[in-house]
Amino acid sequence: MSDQIKTVDAGTVMGWLKDGSAVIVDVREPQEHRAGHIPGATLVPLSQFDPARVPDATGKHLVFHCQSGRRCGPASARMAAAGFSGDIHRLSGGMAAWMAASGPVER
């Protein structure tokens, strides 16, 4: 993993979400997203991942998440390869860790 790509825990992301400083991208598939997602998360499934579909994260924390934390790795790498120059954060443990930490979920 490059220095640009970092893992971050659910508690930190919750703080960023609360203060409006996070851009959250869900790289799971549409049916997973519909079943429950982090409020405000933009769906950009890994199966059809296009860095151009990731919302502008200028001045904010860019956070990728999936179900367990694995699929956000390839998405993060593709984002970096596309020329994104800021830090890219992977939610450690994904949605499973988010829910275990009592993070809010939209359905």
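Residues numbered from 1 in each chain as written. Predicted model: local features only at pLDDT ≥ 70, side-chain atom pairs only at ≥ 80, totals over all residues. Heavy atoms only, no water.

You'll find the chain entered in an unreviewed UniProt entry as Rhodanese-like domain-containing protein, with Azospirillum brasilense given as the organism.

**A few points about the UniProt feature "domain: Rhodanese" (unreviewed entry) in the chain**
When the UniProt feature table is mapped onto this chain numbering, "domain: Rhodanese" (unreviewed entry) sits at residues 18-107. Helix makes up 27% of residues 18-107 and strand makes up 18%, while its end C-alpha atoms are separated by 18 Å. (UniProt positions renumbered as here; feature names shortened; annotations may be inferred. Helix = DSSP H or I, 4+ residues; strand = E, 2+ residues; numbered from the N terminus.)

**With respect to the sheet that holds strand β1 (residues 5-8)**
One open sheet holds the five strands; their spatial order is β1-β5-β4-β2-β3, and the pairing between them is parallel. Where the open sheet ends on each side, the last strands, each with one partner, are β1 and β3 (42-43). (Pairing = 2+ DSSP bridges.)

**Some thoughts on unusual backbone geometry**
With phi around 60°, Ser 102 is a residue other than glycine that occupies positive phi space. Topologically, Ser 102 is positioned in the segment after α4 (94-100).

**A word on helix α1 (residues 10-18)**
Taken together, the buried positions of α1 are Ala 10, Val 13 and Trp 16. Looking straight down α1, one finds that the buried residues subtend no more than 120° of arc, so they occupy a single side. Elements that come into contact with the buried residues of α1 comprise β1, β2 (22-26), β4 (61-65), β5 (88-91) and α4. Its side-chain oxygen 3.0 Å from the backbone nitrogen of Gly 11, Asp 9 forms the N-cap of α1. Immediately beyond the C-terminal end of α1, within one or two residues, lies Gly 20, with a positive phi of roughly 75°. (Buried < 20%, exposed > 50% of the residue type's maximum accessible area, 1.4 Å probe, protein only. Arc of directions from axis to C-beta. Contact = heavy atoms within 4.5 Å. Polar contact = N/O pair within 3.5 Å; in protein donor to acceptor, adjacent residues only side chain to side chain.)

**Side note on the side chain of His 33**
Looking at the element boundaries, His 33 is found in helix α2 (residues 30-35). The residues touching His 33, leaving out its near neighbours within four places in the chain, are Asp 26, Arg 28, Ala 41 and Leu 43.

**Observations concerning the nonpolar core**
Within the largest apolar cluster, 16 residues are counted, with the highest numbers of intra-cluster contacts made by Val 25, Val 27, Phe 49, Val 54, Leu 62, Phe 64 and Met 79. For this core, the leading source of residues is helix α3 (residues 72-81), giving three residues. (Core = buried A, V, L, I, M, F, W, Y, C linked by side-chain atoms within 4.5 Å.)

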